[in-house]
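Examining the three-dimensional arrangement
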Amino acid sequence: QIKGFVFDLDGVIANTSAYHAQAWHQLADELDVTWTEDLGNQLKGVGRMDSLNLILKYGGKENDYTEDEKIKYAAEKNDNYLKLLESLDKSVILPGMGEFIKDIADHHYLISLASSSKNSPRVLEKLDLAKYFNERVDPVTLKHGKPDPEIYTRGAEILNLKPEECVGLEDAVAGVKAINGSGETSVGIGDPKILHEADINFNDTSEVTLENIKKAMDQMSD
Ligand code: G6P
Ligand code: MG
């Protein structure tokens, strides 16, 4: 029996994953690391410092910078990202997601946010969706980032629900792995070839409805 939904933010609720990618791409250029679509996919859902380390590793530069320099580069990426957020409004909400969130709230499901982003409260406020969320996991309090299940485990806990009572929604490979590890039902939104580990796949957010999720879950238990 599903009682709650645990949401990723960037790439699930809003198109802000494109902004993150743009800001990282800008930094990768500066660090002389070639940007590829594959690198972009690896970074999805991954926290700020871990993302920088992945980029450096990808470019074979993992030993080229001191911790202080890395902190400076991570801050620079965030400045780039914040600039892109300045013009953020409801138009970046992905198709159907505003309606879906309102619908599950109307049906008294509990809702929490499991985003790795320290900027998520600001984004949700700007999108006027914060009011639907009962709780949010603060990524600063976590020991491990996605793909570790911790963030999704906590996402259920703060709603006082068991993981089996929750559905997690993700656009990232690392995120789907995290949901699966937590014992929640995973919904992967995006290319099913990339997100093949998800329990339920939707090609895009417009397919994410309560009815479609219920249907897919019935088929899982058949
Ligand atoms: C999300 C995004 C990642 C981003 C991470 C940290 O998981 O998908 O692209 O790197 O959050 O975001 P932050 O805003 O804290 O740098
Ligand atoms: Mg995401």
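Just so you know, these numbers come straight off a predicted model, no measurement behind them.

1. Describing the overall build of the protein chain
A tally of helices and strands in the protein chain yields 9 helices and 6 strands. Oriented by its inertia axes, the alpha-carbon framework of the protein chain measures out at about 50 × 35 × 30 Å. Taken across its 222 residues, the protein chain has 43% of its residues classed as buried. The contacts of the protein chain with a sequence gap of at least 6 include a subset with a gap of at least 24, amounting to 62%.

2. Digging into the sheet that holds strand β3 (residues 135-136)
Spatial strand order, β3-β2-β1-β4-β5-β6: 6 strands in an open sheet with parallel pairing. The open sheet has two free edges, formed respectively by β3 and β6 (200-202), since each of these has just one partner strand. Relative to β3, strand β2 (residues 110-113) runs parallel, the two sharing 2 bridges. Across the sheet, Leu113 pairs through a bridge with Arg136, a residue of β3. Strands β1 (4-7), β2 and β4 (166-170) of the sheet are contacted by helix α7 (residues 150-157), whose axis makes an angle of about 145 degrees with β1. Against the sheet, helix α8 (residues 173-182) contacts β4 and β5 (185-189), and its axis sits at roughly 165 degrees relative to β4.

3. Examining helix α5 (residues 97-106)
Among the residues of α5, Met97, Phe100, Ile101 and Ile104 are the ones counted as buried. All buried residues of α5 lie within an arc of 95 degrees about the axis, which places them on one face of the element. In the core, the buried residues of α5 are packed alongside β1, β2 and α9 (210-221). Among the residues trailing α5, His108 stands out with phi positive, at a value near 65 degrees.

4. A word on the environment of Ser186
Tracing the backbone through its elements, the reader meets Ser186 in strand β5. Separated by 17 residues in the primary sequence, Ser186 and Leu169 place their C-alpha atoms 6.2 Å from one another. Once residues lying within four places of it in the same chain are set aside, the contact partners of Ser186 are Gly168, Glu170, Val176, Ile179, Asn180, Ala198, Asp199 and Ile200.

5. Digging into the pairing of β5
Burial within β5 is extensive, with 5 of its 5 residues counted as buried. Residues of β5 alternate between two faces, with Thr185, Val187 and Ile189 on one and Ser186 and Gly188 on the opposite face, all of them buried. Note that β4 and β5 share 4 bridges and pair parallel. Looking at the pairing, Leu169 lines up with Val187 of β5. You can see the chain leave β4, run along α8 and come back into β5, and the turn it takes is right-handed. Here β5 pairs with β6 via 3 bridges, running parallel. Bridging across to β6, Val187 finds its partner in Ile200.

6. Some words on unusual backbone geometry
Backbone torsion omega between Lys146 and Pro147 reads 15 degrees, so that peptide bond is classified as cis. Structurally, Pro147 can be placed in the loop between β3 and α7. A positive phi is found at His108, a non-glycine position, where the angle reads about 65 degrees. Here His108 lies in the loop between α5 and β2. A count of 7 C-beta atoms within 10 Å places His108 in the exposed class.

7. Notes on the environment of Ala198
Within the element layout of this structure, Ala198 appears in the loop between β5 and β6. With 22 residues separating them along the chain, Ala198 and Met220 place their C-alpha atoms 12 Å apart. Here Ala198 is in contact with Val176, Ser186, Val187 and Gly188, once residues within four sequence places are set aside.

8. Quick notes on the nonpolar core
By size, the foremost hydrophobic cluster in this structure holds 56 residues, and its most contacted members are Phe5, Phe7, Ile13 and Val187. It is helix α1 (residues 16-30) that provides the largest number of residues to this core, a total of 6 residues.

About the thresholds
- Residues numbered from 1 in each chain as written.
- Chains lettered and ligands numbered in written order.
- Predicted model: local features only at pLDDT ≥ 70, side-chain atom pairs only at ≥ 80, totals over all residues.
- Helix = DSSP H or I, 4+ residues; strand = E, 2+ residues; numbered from the N terminus.
- Buried ≥ 20, exposed ≤ 12 C-beta atoms within 10 Å, placed from the backbone.
- Contact = placed C-beta atoms within 7 Å.
- Pairing = 2+ DSSP bridges.
- Axes fitted to C-alpha atoms, helices over the stretch in contact; angles between N-to-C directions.
- Arc of directions from axis to C-beta.
- Right-handed = clockwise from strand over helix to strand, strands pointing away.
- Core = buried A, V, L, I, M, F, W, Y, C linked by C-beta atoms within 7 Å.

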